[in-house]
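What follows is the residue order along each chain.
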Amino acid sequence: MADNYVHELFEQLHAMPELGFEELRTSAFLAGELEKAGFKVTRNVGGKTGVIGVLDSGKPGLRIAMRGDMDALPYIVDGKGVAIHACGHDAHSSMVMAAAKQLAEKGIERGALVVIFQPAEETSGGAESIAKSGLIDDVDEIVGIHIRPVADFKVGFATSALYHSAMAQPKAKICGVTAHGAMPHLGVNAVDAAALAVNAVNAVKGKPTVIHSVKTTKVVSVGNADNTIPNEVRMVVDIRCHENDEIERLVAKVEKAISAAADAVGATVEFEPVAFSYAPTYDDGMKETACEAIREVLGEKGCIPDHHITGSEDFHDYPRILGCKTIYVGVGAEATPGLHHPDMTFDHKALDYGRDILRKIVEKRFEKAQS
């Protein structure tokens, strides 16, 4: 279905990048597009910048949602803080909106089509703010989508199930006792404790049959002169894992390792509450439908049934909080140099492919619900 609308949307969204929970222009623009397409729109969802549009047939049936994320990423360019769409969220929202417009033009016979424009995927909290708003409690299914970098697969291919890793970042404050650098025996060196803690974290082992990684990403001594025994260090550990139960075990092991290392030199540790991004559990029926849709758009060889990555996504808060079925599609876009690079570009043919795949998934799910 030829339509230049998706490209026009992308150009407009790409020119107004905004950070998480600050997507004021973006959300207002998308809300207006939904209203023009005939959707009943709710703005400021979750007390933030979320947008929900509903096209209701007025007859009982499947209530299926498409979700597009809206936020850009922060960078420093020429000494100035700027927002840049370097992860394709402008593309995702464009594909979702364009598919929604085409579906609205065709009409919904039974049930309802719900469109979610979500803030703050990058900083997390965005999906939770939508899921806990009470406005989509009756949604049965949700479809998500993301363009893929050149390292994954090429334009003309898509995966019907993009499997993210669960992610957690334990954050520790290691507390020692300050003293003069000339009299270290009178203090407790928090840096010594942190050095032991880093090695202890490196010794943490997860199940070898489960893809995972555990590594220290930040160690910062806080507010001491160079000739003073440091009494405070902030430490962050990044954990990725393809199983939700296993990542919870890894977090417990990491916290125990840090505490034991600090205790060895007389330091103490305070941990912040750990926020988890969870790994997906997809519905088999939706996965099958997504592959059917991809094959119709890209050909028989275009569907990659499963694709596993180490990145995380707050999209998986929706089934966790709401109990709904989900599927998350990855569309080949040859994004280069890669996602989250400030100079990221991609092949814009992916916009057409993503729009058509989303539309066909929704059409097929409605058909199957009525059969």
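These notes cover the structure that comes with them.

Conventions used here
- Residues numbered from 1 in each chain as written.
- Predicted model: local features only at pLDDT ≥ 70, side-chain atom pairs only at ≥ 80, totals over all residues.
- Heavy atoms only, no water.
- Phe/Tyr/Trp six-rings, centres within 6.5 Å; stacked < 30°, edge-to-face > 60°.
- Helix = DSSP H or I, 4+ residues; strand = E, 2+ residues; numbered from the N terminus.
- Buried < 20%, exposed > 50% of the residue type's maximum accessible area, 1.4 Å probe, protein only.
- Lys NZ or Arg CZ within 6 Å of the ring centre and 35° of its normal.
- Disulfide = S-S within 2.5 Å.
- Pairing = 2+ DSSP bridges.
- Contact = heavy atoms within 4.5 Å.
- Axes fitted to C-alpha atoms, helices over the stretch in contact; angles between N-to-C directions.
- 1 Å grid on protein atoms, 1.4 Å probe; cavity = no way out; pocket = protein on both sides within 12 Å on 5 of 7 lines; lining within 4 Å.
- Points joined across faces, edges and corners; volume = space filled by probe spheres on them.
- Nonpolar A, V, L, I, M, F, W, Y, C, P; charged D, E, K, R; others polar.
- Expected span 1.5 Å × (residues − 1).
- Arc of directions from axis to C-beta.
- Core = buried A, V, L, I, M, F, W, Y, C linked by side-chain atoms within 4.5 Å.

## Comments concerning the packing of aromatic side chains
(1) Moving on: This model, assessed by the stated rule, comprises 5 aromatic pairs.
(2) Moving on: On the numbers, 5.4 Å between centres and 85° between planes, the contact of F10 with F346 is edge-to-face. Taken together, the residues span a long stretch of sequence, with F10 in helix α1 (residues 5–14) and F346 in the loop between β20 (325–335) and α9 (349–370) at a distance of 336 residues.
(3) Moving on: Taking the centre distance of 5.7 Å and the plane angle of 65° together, the rings of F315 and Y318 count as edge-to-face. As far as burial versus exposure is concerned, F315 and Y318 are alike and both buried.
(4) Moving on: An aromatic cluster of at least three residues, connected via ring pairs, comprises F315, Y318 and Y328.
(5) Moving on: Taking the ring centre of F21 as reference, the NZ or CZ of K48 above it sits at 5.1 Å.
(6) Moving on: If you follow K101 out to its NZ or CZ, it ends over the ring of Y5, 5.0 Å from the centre.

## With respect to the state of the cysteines
(1) Moving on: All chains considered together, the criterion is met by 1 disulfide.
(2) Moving on: Note that C291 is cross-linked by a disulfide to C303, the S-S spacing being 2.1 Å. Across the S-S bond linking C291 and C303, the dihedral sits near -125°, which makes this disulfide left-handed. Of this pair, C291 sits in helix α7 (residues 284–298) while C303 sits in strand β18 (residues 303–304), placing them 12 residues apart in sequence.

## A word on the sheet that holds β20
(1) Moving on: Overall, mixed pairing links the 8 strands, which are arranged β1-β2-β6-β3-β7-β20-β8-β18 in an open sheet. Strands at the two margins of the open sheet, each flanked by one partner only, are β1 (40–45) and β18.
(2) Moving on: Here helix α3 (residues 89–106) sits on the sheet in contact with β2 (50–56), β3 (63–69), β6 (112–118) and β7 (141–149), set at roughly 150° to β3.
(3) Moving on: Along the sheet face, α9 touches β3, β6, β7, β8 (158–159) and β20 and points at about 160° away from the line of β20.

## Brief notes about the layout of surface pockets
(1) Moving on: Quantified by volume, the largest pocket comes out at close to 860 Å³.
(2) Moving on: For the lining of the largest pocket, the secondary structure elements donating two or more residues are β7, β17 (276–277) and α8 (317–322).
(3) Moving on: It is β7 that contributes the most residues to the lining of the largest pocket, 3 residues altogether.
(4) Moving on: Residue composition of the lining of the largest pocket, by class: 12 nonpolar, 11 polar and 12 charged.
(5) Moving on: If you add up the space inside the second largest pocket, you get close to 190 Å³.
(6) Moving on: In terms of lining, the second largest pocket is formed by L103, K106, G107, I108, E109, R110, E363, F366, E367 and Q370.
(7) Moving on: Considering every element that reaches the lining of the second largest pocket, the biggest residue donor is α9, with 4 residues.

## Brief notes about helix α6 (residues 244–264)
(1) Moving on: Spanning 21 residues, α6 covers 31 Å between terminal C-alpha atoms, matching the ideal 30 Å at 1.5 Å per step.
(2) Moving on: Along α6, the residues that are buried comprise E246, I247, L250, V251, V254, A257, I258, A261 and A262. The buried residues of α6 occupy one face: seen down the axis, they fall within an arc of 145°. In α6, the exposed positions that point more than 90 degrees away from the buried face belong to D245, K256 and D263.
(3) Moving on: Backbone geometry just downstream of α6 places G266 in the positive-phi region, at approximately 90°.

## Considerations on the side chain of S94
(1) Moving on: Inspection of the secondary structure assignment puts S94 in helix α3.
(2) Moving on: For S94, the residues in contact, after removing those within four places along its chain, are V6, L9, F10 and L13.

## Looking at the nonpolar core
The tendency in soluble globular proteins is for nonpolar side chains to be buried as a group.
(1) Moving on: Ranked by internal contacts, the top residues of the largest apolar core, which has 77 residues, are M66, Y318 and F346.
(2) Moving on: Here the element with the most residues in this core is α3; it accounts for 9 residues.
(3) Moving on: Residue contacts for M66: discarding those within four places in its chain leaves V96, A99, A100, L103, L113, V114, V115, I116, V143, L358 and V362.
(4) Moving on: If you look at the next biggest cluster of nonpolar residues, it comprises 28 residues, including A166, V204, V237 and A279.

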